[in-house]
Amino acid sequence: MTQFAAAPPLPDLLKPRRQRKGFFGFLLNNPTIAFGAGLLLVMLIIAVFAPWLGTVDPTELAPRNRNLEPSAKHWFGTDAFGRDIYSRVMYGARVSLTIGFAVAFLASAIGLLIGLISGTFRRADAIIMRVMDGLMSIPPILLAIALMALTRASVENVVIAITIAEIPRVSRLVRGVVLSLREQAYVDAAISCGCRMPMLIWRHILPNTLAPLTVQATYICASAMITESILSFIGAGVPPIIPSWGNIMADGRTLFQILPYIIFFPAVFLSLTVLAVNLMGDGFRDVLDPRKSKTS
(Lines give C-alpha, C1' and ligand atoms only; values in the text may rest on other atoms or scores of the structure.)
Protein backbone atom coordinates (compact mmCIF):
# COMPACT_ATOMS: atom_id res chain seq x y z
CA MET A 1 0.00 0.00 0.00
CA THR A 2 1.39 3.41 -1.07
CA GLN A 3 2.13 5.82 1.72
CA PHE A 4 1.87 9.59 1.10
CA ALA A 5 4.11 11.85 3.15
CA ALA A 6 2.53 15.01 4.48
CA ALA A 7 4.03 18.21 3.08
CA PRO A 8 5.74 20.39 5.67
CA PRO A 9 3.87 23.57 6.54
CA LEU A 10 4.91 26.64 4.58
CA PRO A 11 6.81 29.28 6.53
CA ASP A 12 4.83 32.29 7.65
CA LEU A 13 6.40 34.98 5.50
CA LEU A 14 3.91 37.71 6.37
CA LYS A 15 3.12 37.55 10.03
CA PRO A 16 -0.30 38.88 11.04
CA ARG A 17 -0.19 42.42 12.27
CA ARG A 18 -0.61 42.80 15.98
CA GLN A 19 -3.56 44.96 16.91
CA ARG A 20 -3.11 46.97 20.08
CA LYS A 21 -6.12 47.40 22.32
CA GLY A 22 -7.50 50.46 24.04
CA PHE A 23 -7.52 54.14 23.11
CA PHE A 24 -3.75 54.49 22.79
CA GLY A 25 -3.63 51.23 20.86
CA PHE A 26 -6.15 52.66 18.41
CA LEU A 27 -3.94 55.72 17.89
CA LEU A 28 -0.85 53.57 17.42
CA ASN A 29 -2.64 51.40 14.87
CA ASN A 30 -3.85 54.51 13.02
CA PRO A 31 -0.99 57.03 12.93
CA THR A 32 -2.82 59.28 10.45
CA ILE A 33 -5.66 59.86 12.91
CA ALA A 34 -3.20 60.25 15.78
CA PHE A 35 -1.15 62.91 13.99
CA GLY A 36 -4.21 64.79 12.76
CA ALA A 37 -5.90 64.66 16.17
CA GLY A 38 -2.72 65.82 17.92
CA LEU A 39 -2.31 68.75 15.57
CA LEU A 40 -5.97 69.70 15.90
CA LEU A 41 -5.72 69.44 19.68
CA VAL A 42 -2.88 71.96 19.63
CA MET A 43 -5.04 74.37 17.65
CA LEU A 44 -7.93 73.86 20.06
CA ILE A 45 -5.66 74.60 23.01
CA ILE A 46 -4.49 77.78 21.27
CA ALA A 47 -8.09 78.85 20.66
CA VAL A 48 -9.25 78.15 24.22
CA PHE A 49 -6.23 79.55 26.05
CA ALA A 50 -5.48 82.47 23.72
CA PRO A 51 -5.81 85.10 26.51
CA TRP A 52 -3.12 83.30 28.56
CA LEU A 53 -0.55 82.73 25.80
CA GLY A 54 1.26 86.04 26.16
CA THR A 55 -1.21 87.91 23.99
CA VAL A 56 -2.53 91.46 24.15
CA ASP A 57 -5.79 92.96 22.95
CA PRO A 58 -5.91 91.91 19.27
CA THR A 59 -7.99 94.99 18.36
CA GLU A 60 -5.78 97.55 20.13
CA LEU A 61 -4.45 100.19 17.73
CA ALA A 62 -0.90 101.48 18.19
CA PRO A 63 0.10 103.70 15.23
CA ARG A 64 3.58 104.23 16.69
CA ASN A 65 4.27 100.48 16.42
CA ARG A 66 2.93 99.88 12.94
CA ASN A 67 4.68 97.63 10.42
CA LEU A 68 7.26 96.31 12.87
CA GLU A 69 9.09 93.16 11.89
CA PRO A 70 9.03 90.05 14.14
CA SER A 71 11.02 90.62 17.32
CA ALA A 72 11.16 89.57 20.97
CA LYS A 73 8.42 92.09 21.82
CA HIS A 74 6.18 91.31 18.83
CA TRP A 75 6.80 87.68 17.88
CA PHE A 76 4.94 87.86 14.56
CA GLY A 77 5.41 91.60 14.00
CA THR A 78 2.68 94.24 13.71
CA ASP A 79 0.35 95.31 10.91
CA ALA A 80 -0.34 98.71 9.36
CA PHE A 81 -2.43 99.72 12.39
CA GLY A 82 0.13 98.66 14.96
CA ARG A 83 -1.86 95.62 16.07
CA ASP A 84 0.11 92.64 17.33
CA ILE A 85 -0.13 89.91 14.69
CA TYR A 86 0.73 87.14 17.16
CA SER A 87 -2.26 88.05 19.31
CA ARG A 88 -4.53 88.31 16.29
CA VAL A 89 -3.43 84.90 15.00
CA MET A 90 -4.01 83.28 18.39
CA TYR A 91 -7.49 84.77 18.71
CA GLY A 92 -8.20 84.06 15.05
CA ALA A 93 -8.10 80.34 15.81
CA ARG A 94 -11.33 80.79 17.75
CA VAL A 95 -13.19 82.20 14.76
CA SER A 96 -11.97 79.65 12.21
CA LEU A 97 -12.49 76.60 14.44
CA THR A 98 -15.91 77.80 15.60
CA ILE A 99 -17.10 78.32 12.05
CA GLY A 100 -15.60 75.03 10.86
CA PHE A 101 -17.16 72.92 13.61
CA ALA A 102 -20.51 74.74 13.46
CA VAL A 103 -20.83 74.33 9.69
CA ALA A 104 -19.80 70.66 9.85
CA PHE A 105 -22.41 69.92 12.53
CA LEU A 106 -25.28 71.88 10.98
CA ALA A 107 -24.64 70.74 7.40
CA SER A 108 -24.32 67.11 8.54
CA ALA A 109 -27.50 67.20 10.63
CA ILE A 110 -29.64 68.96 8.02
CA GLY A 111 -28.16 66.99 5.13
CA LEU A 112 -28.76 63.74 7.02
CA LEU A 113 -32.43 64.58 7.50
CA ILE A 114 -32.90 65.60 3.87
CA GLY A 115 -31.02 62.53 2.61
CA LEU A 116 -33.09 60.16 4.73
CA ILE A 117 -36.34 61.67 3.51
CA SER A 118 -35.20 61.72 -0.11
CA GLY A 119 -33.88 58.16 -0.07
CA THR A 120 -36.93 56.74 1.70
CA PHE A 121 -39.86 58.49 0.01
CA ARG A 122 -39.72 58.37 -3.78
CA ARG A 123 -42.27 61.15 -4.35
CA ALA A 124 -40.33 63.59 -2.21
CA ASP A 125 -37.07 62.47 -3.82
CA ALA A 126 -37.96 63.95 -7.22
CA ILE A 127 -38.56 67.41 -5.76
CA ILE A 128 -35.79 67.47 -3.16
CA MET A 129 -33.05 66.25 -5.48
CA ARG A 130 -33.92 68.79 -8.15
CA VAL A 131 -33.48 71.53 -5.56
CA MET A 132 -30.18 70.00 -4.42
CA ASP A 133 -29.01 69.70 -8.04
CA GLY A 134 -29.76 73.38 -8.56
CA LEU A 135 -27.73 74.35 -5.49
CA MET A 136 -24.84 72.06 -6.48
CA SER A 137 -24.68 73.64 -9.92
CA ILE A 138 -23.37 76.80 -8.21
CA PRO A 139 -19.83 76.62 -6.77
CA PRO A 140 -20.04 76.72 -2.95
CA ILE A 141 -17.85 79.82 -2.65
CA LEU A 142 -19.99 81.76 -5.15
CA LEU A 143 -23.18 80.67 -3.42
CA ALA A 144 -21.75 81.76 -0.06
CA ILE A 145 -20.73 85.15 -1.49
CA ALA A 146 -24.22 85.63 -2.94
CA LEU A 147 -25.86 84.77 0.37
CA MET A 148 -23.52 87.07 2.30
CA ALA A 149 -24.36 89.91 -0.11
CA LEU A 150 -27.97 89.68 1.07
CA THR A 151 -27.11 89.97 4.77
CA ARG A 152 -24.80 91.93 7.04
CA ALA A 153 -21.35 90.72 7.97
CA SER A 154 -21.34 88.57 11.11
CA VAL A 155 -20.08 85.19 12.28
CA GLU A 156 -23.61 83.80 12.43
CA ASN A 157 -24.42 84.80 8.86
CA VAL A 158 -21.13 83.32 7.63
CA VAL A 159 -22.04 80.01 9.30
CA ILE A 160 -25.51 80.04 7.72
CA ALA A 161 -24.21 80.93 4.26
CA ILE A 162 -21.53 78.22 4.22
CA THR A 163 -23.95 75.66 5.71
CA ILE A 164 -26.48 76.23 2.92
CA ALA A 165 -23.71 75.78 0.37
CA GLU A 166 -22.56 72.48 1.94
CA ILE A 167 -25.95 70.84 2.59
CA PRO A 168 -26.43 69.46 -0.96
CA ARG A 169 -23.17 67.52 -0.79
CA VAL A 170 -24.24 65.77 2.44
CA SER A 171 -27.81 65.12 1.34
CA ARG A 172 -26.73 63.43 -1.90
CA LEU A 173 -24.23 61.27 -0.01
CA VAL A 174 -26.84 60.12 2.53
CA ARG A 175 -29.42 59.57 -0.20
CA GLY A 176 -27.04 57.28 -2.08
CA VAL A 177 -26.30 55.29 1.06
CA VAL A 178 -30.00 54.94 1.89
CA LEU A 179 -30.85 53.75 -1.61
CA SER A 180 -28.15 51.07 -1.42
CA LEU A 181 -29.25 49.99 2.06
CA ARG A 182 -32.86 49.56 0.95
CA GLU A 183 -31.71 46.76 -1.36
CA GLN A 184 -30.09 44.79 1.45
CA ALA A 185 -31.62 41.51 2.62
CA TYR A 186 -31.87 42.49 6.29
CA VAL A 187 -34.00 45.52 5.34
CA ASP A 188 -36.38 43.30 3.37
CA ALA A 189 -36.50 40.92 6.32
CA ALA A 190 -37.36 43.74 8.70
CA ILE A 191 -40.14 44.94 6.39
CA SER A 192 -41.54 41.41 6.06
CA CYS A 193 -41.62 41.15 9.86
CA GLY A 194 -43.88 44.18 10.04
CA CYS A 195 -41.31 46.81 11.00
CA ARG A 196 -42.78 50.27 10.51
CA MET A 197 -40.93 52.85 8.43
CA PRO A 198 -39.89 55.16 11.33
CA MET A 199 -38.45 52.20 13.27
CA LEU A 200 -36.84 50.82 10.10
CA ILE A 201 -35.03 54.12 9.53
CA TRP A 202 -34.04 54.49 13.17
CA ARG A 203 -32.74 50.96 13.79
CA HIS A 204 -31.49 49.72 10.43
CA ILE A 205 -30.78 52.61 8.05
CA LEU A 206 -29.63 55.52 10.20
CA PRO A 207 -26.80 53.67 12.01
CA ASN A 208 -25.28 52.60 8.69
CA THR A 209 -25.15 56.18 7.41
CA LEU A 210 -23.09 57.50 10.32
CA ALA A 211 -19.74 56.12 9.13
CA PRO A 212 -19.65 57.87 5.72
CA LEU A 213 -21.31 60.92 7.27
CA THR A 214 -18.52 61.23 9.85
CA VAL A 215 -15.87 61.18 7.14
CA GLN A 216 -17.77 63.73 5.08
CA ALA A 217 -18.16 66.00 8.12
CA THR A 218 -14.38 66.28 8.50
CA TYR A 219 -13.99 67.41 4.90
CA ILE A 220 -16.82 69.91 5.33
CA CYS A 221 -15.12 71.32 8.43
CA ALA A 222 -11.89 71.89 6.50
CA SER A 223 -13.73 73.33 3.51
CA ALA A 224 -15.72 75.69 5.76
CA MET A 225 -12.56 77.15 7.31
CA ILE A 226 -11.08 77.77 3.86
CA THR A 227 -14.33 79.32 2.61
CA GLU A 228 -14.54 81.59 5.65
CA SER A 229 -10.99 82.79 5.02
CA ILE A 230 -11.81 83.50 1.38
CA LEU A 231 -14.95 85.42 2.34
CA SER A 232 -13.08 87.47 4.93
CA PHE A 233 -10.19 88.06 2.53
CA ILE A 234 -12.48 89.65 -0.06
CA GLY A 235 -14.45 91.58 2.57
CA ALA A 236 -17.61 89.46 2.50
CA GLY A 237 -17.04 87.45 5.68
CA VAL A 238 -16.84 88.34 9.35
CA PRO A 239 -16.53 92.05 10.27
CA PRO A 240 -12.98 93.44 9.89
CA ILE A 241 -12.82 94.27 13.59
CA ILE A 242 -13.02 90.57 14.48
CA PRO A 243 -9.59 88.91 14.28
CA SER A 244 -9.82 85.96 11.92
CA TRP A 245 -7.14 84.42 9.76
CA GLY A 246 -8.88 85.66 6.62
CA ASN A 247 -9.12 89.22 7.95
CA ILE A 248 -5.45 89.22 8.97
CA MET A 249 -4.39 88.15 5.48
CA ALA A 250 -6.72 90.73 3.95
CA ASP A 251 -5.09 93.48 6.03
CA GLY A 252 -1.64 92.50 4.79
CA ARG A 253 -2.32 91.96 1.09
CA THR A 254 -1.38 95.54 0.14
CA LEU A 255 1.98 95.18 1.93
CA PHE A 256 2.69 91.60 0.94
CA GLN A 257 5.76 92.35 -1.16
CA ILE A 258 7.53 94.30 1.56
CA LEU A 259 5.99 92.74 4.69
CA PRO A 260 5.18 89.13 3.78
CA TYR A 261 5.02 87.96 7.40
CA ILE A 262 1.60 89.60 7.86
CA ILE A 263 0.11 86.98 5.54
CA PHE A 264 2.61 84.20 6.19
CA PHE A 265 1.76 83.44 9.84
CA PRO A 266 -2.07 83.24 9.56
CA ALA A 267 -1.68 81.25 6.32
CA VAL A 268 0.56 78.71 8.09
CA PHE A 269 -1.91 78.27 10.96
CA LEU A 270 -4.82 77.91 8.53
CA SER A 271 -2.91 75.34 6.47
CA LEU A 272 -1.95 73.29 9.53
CA THR A 273 -5.53 73.26 10.84
CA VAL A 274 -6.97 72.19 7.49
CA LEU A 275 -4.24 69.54 7.19
CA ALA A 276 -5.10 68.19 10.66
CA VAL A 277 -8.81 67.89 9.85
CA ASN A 278 -8.14 66.27 6.46
CA LEU A 279 -5.75 63.76 8.00
CA MET A 280 -8.40 62.76 10.50
CA GLY A 281 -10.90 62.38 7.67
CA ASP A 282 -8.54 60.15 5.69
CA GLY A 283 -7.84 58.08 8.80
CA PHE A 284 -11.51 57.63 9.65
CA ARG A 285 -12.23 56.67 6.05
CA ASP A 286 -9.67 53.87 6.20
CA VAL A 287 -10.91 52.67 9.59
CA LEU A 288 -14.62 52.77 8.80
CA ASP A 289 -14.36 51.31 5.29
CA PRO A 290 -14.68 47.51 5.63
CA ARG A 291 -12.88 47.00 2.31
CA LYS A 292 -9.78 48.65 3.73
CA SER A 293 -9.94 47.16 7.22
CA LYS A 294 -6.73 45.66 8.47
CA THR A 295 -6.64 42.00 9.31
CA SER A 296 -5.55 41.11 12.76
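Calculation rules
- Residues numbered from 1 in each chain as written.
- Predicted model: local features only at pLDDT ≥ 70, side-chain atom pairs only at ≥ 80, totals over all residues.
- Heavy atoms only, no water.
- Axes fitted to C-alpha atoms, helices over the stretch in contact; angles between N-to-C directions.
- Helix = DSSP H or I, 4+ residues; strand = E, 2+ residues; numbered from the N terminus.
- Left-handed = near helix turned anticlockwise from the far one by under 90°.
- Contact = heavy atoms within 4.5 Å.
- Nonpolar A, V, L, I, M, F, W, Y, C, P; charged D, E, K, R; others polar.
- Salt bridge = Lys/Arg side-chain N within 4 Å of Asp/Glu carboxyl O.
- Buried < 20%, exposed > 50% of the residue type's maximum accessible area, 1.4 Å probe, protein only.

Draft legend 1. Structural view of the packing of helix α4 (residues 122–136) against helix α6 (residues 155–181). The N-to-C vectors of α4 and α6 enclose an angle of 145°; their axes lie 9 Å apart at closest approach. Crossing angle aside, the handedness with which α4 passes α6 is left-handed. Contact residues: Arg122, Asp125, Met129, Met132, Asp133, Leu135 and Met136 in α4; Ile167, Pro168, Arg169, Ser171, Arg172, Arg175 and Leu179 in α6. Its residues assigned to classes, the contact of α4 with α6 shows 7 nonpolar, 1 polar and 6 charged.

Draft legend 2. Examining the pattern of salt bridges more closely. The tally for this structure, following the rule as stated, stands at 8 salt bridges. Across the pair aspartate 133 and arginine 172 runs a salt bridge whose closest N-O atoms are separated by 2.6 Å. A residue pair is termed long-range when its members are at least 10 positions apart, and aspartate 133 in helix α4 and arginine 172 in helix α6 qualify at 39 residues. Taking relative accessible area as the criterion, aspartate 133 reaches 29% and is therefore assigned partly exposed. Arginine 285 serves as the salt-bridge partner of aspartate 282, at 3.9 Å between the closest nitrogen and oxygen. Note that aspartate 282 and arginine 285 are positioned in helix α10 (residues 261–288) at a spacing of 3 residues, about one turn of the helix. Owing to a relative accessible area of 26%, aspartate 282 belongs among the partly exposed residues under this scheme. A relative accessible area of 35% means that arginine 285 is categorised as partly exposed.

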